[in-house]
Amino acid sequence: MMGYRPKFLGAVGALIVAASLAQTFTFTAMGAQLPADNAQDTQVDSSQVKQGDASQPSTGESSPSAQPSGNGTQTGASAAAPSASNPSKAPTSSQSPTAADHSAVNGQQSQQASGESRSEASPDTGDTNAGSDNGGSAPDPSVQGWVVNDGVKHWYDHGVMVKDEQVYDPESRAWYQLDAQGDVVTGEFYWSQTHDWYDFDKTGAMVKGMAYIHERNGSKWVYYSFDTGAMAHDEQYLDFDGQHTGWYLFDHYTGAVTYGWKYLAQGHKWVYYGIPDGRMRKGEQDINGAWYYFDLSSGAVTYGWKYLPQGRKWVYYGIPDGKMRKGEQCIGGAWYYFNDWTGATLYGWQWDHGKQVFYDRVSGKMVHGAVMIDGMPYYFDQWTGRRYARNEIIGRLLAQARSSYGKNIDAPGILAANGGLICPFGPCMAWVWWVFHESGLGIFLADGAASGWPHHNFDWYRVRGRVSMTPQVGDIAFYKWPGWADAYSASHAGIVVSVNGGHAIVADAIFGGIGERPSYNVLVGYAHPYWG
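Residues numbered from 1 in each chain as written. Predicted model: local features only at pLDDT ≥ 70, side-chain atom pairs only at ≥ 80, totals over all residues. Heavy atoms only, no water.

This part covers the overall build of the protein. Looking only at helices and strands, the protein features seven helices and 31 strands. Counting every position in the protein, which comprises 532 residues, the buried fraction comes to 40%. Considering only residue pairs separated by 6 or more positions, the protein has 43% of its internal contacts joining residues 24 or more positions apart. Carbon and sulfur atoms provide 53% of the accessible area of the protein, an area that totals close to 28900 Å². (Helix = DSSP H or I, 4+ residues; strand = E, 2+ residues; numbered from the N terminus. Buried < 20%, exposed > 50% of the residue type's maximum accessible area, 1.4 Å probe, protein only. Contact = heavy atoms within 4.5 Å. Areas by Shrake-Rupley, 256 points an atom, 1.4 Å probe, with all protein chains shown as cover.)

This is the structure in structure tokens:
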């Protein structure tokens, strides 16, 4: 592109220029030499000046190769060498060349020697940089770090302005991002080289760690890596201080911190990211008034039974919500009771909604039916677990006895099938055993002994001091017929079904059938089962 042309000098102007040049330059056979007082500062290669160039115009008009460019920067060899047509490039005695001038001259000399041309920076740019922006003067390797150009700060590396890169400033101990023009970036920035988002404060220093960002469509907390400064996405483990050590989840697209419940498909687990810090919770946690337990390693919600050593308690976390259960709960078909405040499994005797129940001391399960507790038999409702009172247990026993009246019950056969002992003298004791067994009260008869011999059962109660001559409903009446089984303490047995004025009515099984009869006069005593 053709630049502008300098106007022809007038006659007076020509004389002034000629006189000035005569004072400034002395031409020798080898080339041009600067005045002696400036010789030590700037040297110009004699090869830059064409000796005896007859083609140089005498009118003072520049040749096309020496024309200035449109932006005031000259190109070509003649642009670097002072001549009569370019007096502005010659330093005067009143202004010595600067270090920047050294750099410019040296760079031009090397280019001209190799036959290259390079644009020269305009002298009035105000640029304090002694380096190069890929144009103008050659780079000065000594220029390193920040340089202010026209009030704008740029970073130079060995004299070359850095562009579209990140640089580390040891003085501020911070990283900076330079855009495609070499300007310092502030605020959020997407760098195509790494395909990551970064953030830079008002000074341009890279932001690292947790940061709160205000946006038009909402604000968010994000995290910038302490290693690279890049915005974090997806599941990340942070370990930069005590408050922010643990697992976090950052939105895959926006990088925003995730809060609350989240299902992680890759781990097949539900986890919880706490509010307000966003850190994955682990261990026992209270969330909105409900207690949960998160695995100490993976953070996964725990389900089912869990022993908490710090509380020395067994608790249960429900399925599918993972909440700690409290109060009465049915789990796997069994009932349990958990403390209303701590969630601890309760054991033993408990009052629940007006009823007394018992929870197994090992498993914690609510017991039902006939159960031995501390060596004593108890009966609990088959559905509710409510403990039966004495009269309820006896009523259950008598109902079973009366259900067999007039029937042919093979009590001895059933007793034998259950591993019991058969008495060859009659079915009386086998029938008493059958009534207890079929009513679910087997343990109330001699702690569950299964014997068809009357004396076995009578002796069991007698040695425990539970035999008297006063009848009570539900007692077992023992008799001894004279003339046979004299060697035994008792030879017949029945169940007292009623007492009237001290006289008992007994239900028994004899060869004539099963039914109620007045107590016999061969009584040896009434055994009193423990009814709770």
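That was the structure; now back to the text.
Pairing between strand β28 (residues 492–500) and strand β29 (residues 503–510): five bridges, direction antiparallel. By the bridge assignment, Asn500 is partnered in β29 with His503. Hairpin connection, β28 to β29: the antiparallel pair is bridged by two residues, and Gly501 has positive phi, about 60°. (Pairing = 2+ DSSP bridges.)

This part takes up the sheet that holds strand β4 (residues 152–157). Paired through their backbone hydrogen bonds, the strands of a sheet run either parallel or antiparallel. Read across the open sheet, the three strands follow the order β3-β4-β5; overall the sheet is antiparallel. The open sheet terminates on both sides in strands that have one partner only, identified here as β3 (145–149) and β5 (160–161). The sheet contact formed by β4 and β5 spans two bridges and is antiparallel. In the strand pairing of β5, Asp157 is matched with Val160.

A separate point is the environment of Phe240. Structurally, Phe240 is set in the loop between β12 (234–239) and β13 (245–250). Look at Phe240 and you get partly exposed, because its relative accessible area is 27%. Placed 31 residues apart in sequence, Phe240 and Gly209 show a C-alpha to C-alpha distance of 8.1 Å.

Okay, the packing of helix α4 (residues 390–402) against helix α6 (residues 428–438) next. Relative orientation of the contacting elements α4 and α6 amounts to 125°, with a least axis distance of 9 Å. By the angle between their axes, α4 is oblique relative to α6. With respect to the hand of their crossing, α4 and α6 are arranged in right-handed fashion. Contacts between α4 and α6 involve Leu397, Gln400 and Ala401 from the first element and Trp431, Trp434, Val435, Phe436 and Glu438 from the second. (Axes fitted to C-alpha atoms, helices over the stretch in contact; angles between N-to-C directions. Parallel < 35°, antiparallel > 145°, perpendicular 65-115°, else oblique. Left-handed = near helix turned anticlockwise from the far one by under 90°.)

This part is about the sheet that holds strand β31 (residues 523–527). In space, the six strands of this open sheet follow the order β26-β31-β27-β28-β29-β30, with antiparallel pairing throughout. At either end of the open sheet lies a strand with only one pairing partner, and these are β26 (467–468) and β30 (513–518). Sheet topology places strand β27 (residues 476–479) next to β28; four bridges connect them, and they run antiparallel. The residue bridging Ile476 from the neighbouring strand is Ile495, located in β28. The sheet strands contacting α4 are β28 and β30, and the helix crosses β28 at an angle near 115°.

A few words on the packing of aromatic side chains. Going through the model one piece at a time under the given rule, you end up with 37 aromatic pairs. Here the aromatic rings of Tyr223 and Phe226 are separated by 6.4 Å at their centres, their planes lie at 50°, and the arrangement is tilted. Since its relative accessible area comes to 41%, Phe226 is described here as partly exposed. Ring geometry for Trp349 versus Tyr378: centroids 5.2 Å apart, planes at 70°, classification edge-to-face. Taken together, the positions of Trp349 in strand β22 (residues 348–352) and Tyr378 in strand β25 (residues 376–380) put the pair 29 residues apart, joining distant regions of the chain. Owing to a relative accessible area of 28%, Trp349 belongs among the partly exposed residues under this scheme. (Phe/Tyr/Trp six-rings, centres within 6.5 Å; stacked < 30°, edge-to-face > 60°.)

Here we come to α4. Taking 1.5 Å per residue as the helical rise, α4 with its 13 residues ought to reach 18 Å, and the 19 Å between its terminal C-alpha atoms agrees with that figure. For α4, every residue scored as buried is listed here: Ile393, Ile394, Leu397, Leu398, Gln400 and Ala401. The arc enclosing the buried residues of α4, seen along the axis, measures out at 160°, which places them on a common side. Residues of α4 that are buried make contact with β25, α6 and β28. (Expected span 1.5 Å × (residues − 1). Arc of directions from axis to C-beta.)

Let us look at the side chain of Asp381. Counting through the fold element by element, Asp381 comes out in the loop between β25 and α4. The buried charged residue Asp381 lacks any salt bridge, with Arg386 as its nearest oppositely charged partner at 4.7 Å. A distance of 2.7 Å separates a polar atom in the side chain of Asp381 from the backbone nitrogen of Trp383. If sequence neighbours within four positions are ignored, Asp381 has contacts with His368, Gly369, Arg386 and Tyr388. (Lys, Arg positive; Asp, Glu negative; His and termini not counted. Salt bridge = Lys/Arg side-chain N within 4 Å of Asp/Glu carboxyl O. Polar contact = N/O pair within 3.5 Å; in protein donor to acceptor, adjacent residues only side chain to side chain.)

Attention now moves to the pattern of salt bridges. Under the counting rule described, the total for this entry stands at 10 salt bridges. Across the pair Glu328 and Lys355 runs a salt bridge whose closest N-O atoms are separated by 3.8 Å. Placement of the pair is Glu328 in strand β20 (residues 327–331) and Lys355 in strand β23 (residues 355–359), with a sequence separation of 27 residues. Taking relative accessible area as the criterion, Lys355 reaches 16% and is therefore assigned buried. Salt-bridge contacts for Arg462 lead to Asp459; the nearest nitrogen and oxygen are separated by 3.1 Å. Placement of the pair is Arg462 and Asp459 together in helix α7 (residues 454–462), with a separation of three residues, close to one helical turn. Take Arg462: its relative accessible area is 46%, and that puts it in the partly exposed class. Owing to a relative accessible area of 24%, Asp459 belongs among the partly exposed residues under this scheme. Each of the salt bridges in this network shares a partner with another, and the network as a whole consists of Asp277, Arg279 and Arg281.

This brings us to the environment of Pro454. With respect to the helices and strands, the residue Pro454 is situated in helix α7. Classification of Pro454 by relative accessible area gives buried; the value is 2%. A sequence separation of 27 residues divides Pro454 from Pro427, and the C-alpha atoms of the two residues are 9.9 Å apart. Other than its neighbours up to four places away in sequence, Pro454 contacts Cys423, Cys428, Met429, Phe478, Ala490, Ser491 and His492.

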